[in-house]
Amino acid sequence: MSQEKRLITVSKTLSLVLRHQPQSIGIALDENGWIPVDTLLTALNKRGHKVSLEELQEVVQSNDKQRFRFSEDGLKIRANQGHSVSVDLELVPVEPPLYLYHGTATRFLAGIQEAGLIKQSRQHVHLAADKETARKVGSRHGLPTILTIRSGDMYQNGFIFYQSDNGVWLTNTVPVTYIQFPN
Ligand code: HQG
């Protein structure tokens, strides 16, 4: 396997265990989503995912979306966003730009028109600052389409927004009145 493919495989494994199923390798995240690096590496290697500290460092550094981060002292690691397990990322509310974008698939439009954007299995609804990023997110689900979110108006009306360490905009819900659908 090429080094690049190898790092993608490690990144996918990390997404699974640091966001969704830590128990699948017998670990538990702390309340803020952190796990000691040595505990993680031991658990991964015990279950046949051969990962070295150097590879882990390379994945954290080179990851296209900066999905993971080490603690200041380098002893712990966590995912920056995207969790379905309940963790407190200690996010600080921030004022969003006037508009944000949400990429989804056309097959979800009817449901969104009905209920607005809801967070499904994740902890937040994810929004992007630019349309290109939104399109990529949407194409993971099928034929992509981009919704424009009137985030400035939401903010004025008391909705809370956060930005994850890797720049993804997060909020709890987007009522349908704040969504501009494509023509
Ligand atoms: C849709 C990736 C029907 C919603 C990305 C989305 C992101 C509804 C899907 C991050 C609905 C949930 C998250 C409603 C929402 N009716 N469908 N009322 N409300 N939906 O994967 O935003 O690569 O949980 O439009 O970059 O696609 O993993 O959320 O299509 O930042 O790092 O329900 O995951 O990051 O899908 O993606 P997801 P998402 P990573």
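For the structure, check the block above.
Everything quoted here is computed from the prediction, not taken from an experiment.

A word on the overall build of the protein chain
- For the protein chain, the helix and strand inventory stands at six helices and nine strands.
- Over its C-alpha atoms the protein chain spans a radius of gyration of 18 Å, differing by no more than 12% from the 16 Å that the globule rule assigns to 183 residues.
- Going through the 183 residues of the protein chain one by one, you find that 42% of them count as buried.
- Nonlocal contacts in the protein chain, meaning residues at least 24 apart in sequence, comprise 70% of its contacts between residues at least 6 apart.
- Total accessible area computed for the protein chain in this model is approximately 10100 Å², and 51% of it derives from carbon and sulfur atoms.
- Charge centroids of the protein chain, computed over 20 positive and 18 negative side chains, lie 9 Å from each other.

Some thoughts on the sheet that holds strand 6 (residues 144-149)
- As summarised here, the arrangement of the three strands in space is 4-6-9, forming an open sheet in which the pairing is antiparallel. Looking along the sheet, the strands with just one partner apiece sit at the ends: strand 4 (100-105) and strand 9 (179-180).
- Two strands pair when backbone bridges link them, and strand 6 and strand 9 are joined in this way by two bridges, in the antiparallel orientation. Residue T148 lies in a different strand from strand 9, and its bridge partner there is Q180.
- Across the face of the sheet, helix 5 (residues 131-139) comes into contact with strand 4 and strand 6 while running at roughly 25 degrees to strand 4.

Looking at helix 1 (residues 3-20)
- Between its terminal C-alpha atoms helix 1 stretches 25 Å, which fits the 26 Å expected from 18 residues at 1.5 Å a residue.
- Inspection of helix 1 places L7, V10, S11, T13, L14, S15, V17, L18 and R19 among the buried residues, and these make up the whole buried set.

Concerning the site of the ligand
- With respect to spatial proximity, 19 residues lie near the ligand, and among them R19, K65, H102, T104 and H141 are the closest.
- One nitrogen or oxygen atom from the side chain of H102 is found 2.6 Å from an oxygen atom belonging to the ligand.
- Separating an oxygen atom of the ligand from a side-chain N or O atom of T104 is a distance of 2.7 Å.
- In isolation the ligand has 790 Å² of accessible area, and contact with the protein removes 88% of it.
- In this structure the site holding the ligand corresponds to the largest pocket.
- Secondary structure elements with two or more residues in the shell around the ligand: strand 4 and helix 4 (109-115).
- Sorting elements by how many residues they give to the shell around the ligand places helix 4 first, with three residues.

Some points on empty space enclosed by the protein
- Per the stated rule, a full pass over the model turns up one cavity of 30 Å³ or more.
- In this model, the largest cavity occupies a volume close to 50 Å³.
- Around the largest cavity, the lining residues are Q81, G82, H83, L89, R122, Q123, H124, H126 and L170.
- Residue classes in the lining of the largest cavity are distributed as two nonpolar, six polar and one charged.

Each value, and the rule that gives it
- All residue numbers refer to positions counted from 1 along the written sequence of the respective chain.
- With the structure being a predicted model, the display of local features is reserved for residues of pLDDT at least 70 and the display and counting of side-chain atom pairs for 80 or more, all residues being used for whole-chain, interface and lining totals.
- The basis for every side-chain value is the complete set of non-hydrogen atoms in the structure, without hydrogens or water.
- Helix and strand assignments come from DSSP, with helices taken as H or I runs of at least 4 residues and strands as E runs of at least 2, each series counted from the N terminus.
- Computation of the radius of gyration draws on C-alpha atoms, with the globule rule given as 2.2 Å multiplied by the number of residues to the power 0.38.
- The buried label goes to any residue with under 20% of its type's maximum accessible area, the exposed label to any with over 50%, and the partly exposed label to all in between, with areas taken from a 1.4 Å probe on protein chains only.
- Every residue pair with non-hydrogen atoms within 4.5 Å of one another is taken to be in contact.
- The accessible surface values rely on the Shrake-Rupley method and a 1.4 Å probe; as for residues, cover is taken only from the protein chains in view.
- Asp and Glu count as negative and Lys and Arg as positive, but His and the ends of the chain are not part of the count.
- A charge is said to be at NZ when it belongs to Lys, at CZ for Arg, at CG for Asp and at CD for Glu.
- Each pair of strands is called paired provided DSSP finds at least two bridges between the two strands.
- To get an axis, a line is fitted to the C-alpha atoms, and for a helix only the part in contact is used. The angle between two axes follows their N-to-C directions and goes from 0 to 180 degrees.
- Helix span, as expected, comes to 1.5 Å for every residue beyond the first.
- Working definition: residue near molecule or strand if any one of its non-hydrogen atoms lies within 4 Å of it.
- Counting of polar contacts relies on pairs of N or O atoms within 3.5 Å, with two restrictions inside protein: one atom must be capable of donating a hydrogen and the other of accepting it, and residues adjacent in sequence are counted only when both atoms are side-chain atoms.
- Of the grid points, spaced at 1 Å and generated over the protein atoms alone, those admitting a 1.4 Å probe that cannot get out make up cavities, while open sets with protein on both sides within 12 Å along at least five of seven lines make up pockets; any residue with an atom within 4 Å of a point is treated as lining.
- Each molecule is checked against the cavity or pocket grid, and it sits inside if more than half of its atoms lie within 2 Å of the grid points.
- Grid points are joined across faces, edges and corners, and a volume is the space filled by probe spheres set on the points.
- Gly is placed with the polar residues, together with every amino acid not listed as nonpolar (Ala, Val, Leu, Ile, Met, Phe, Trp, Tyr, Cys and Pro) or charged (Asp, Glu, Lys and Arg).

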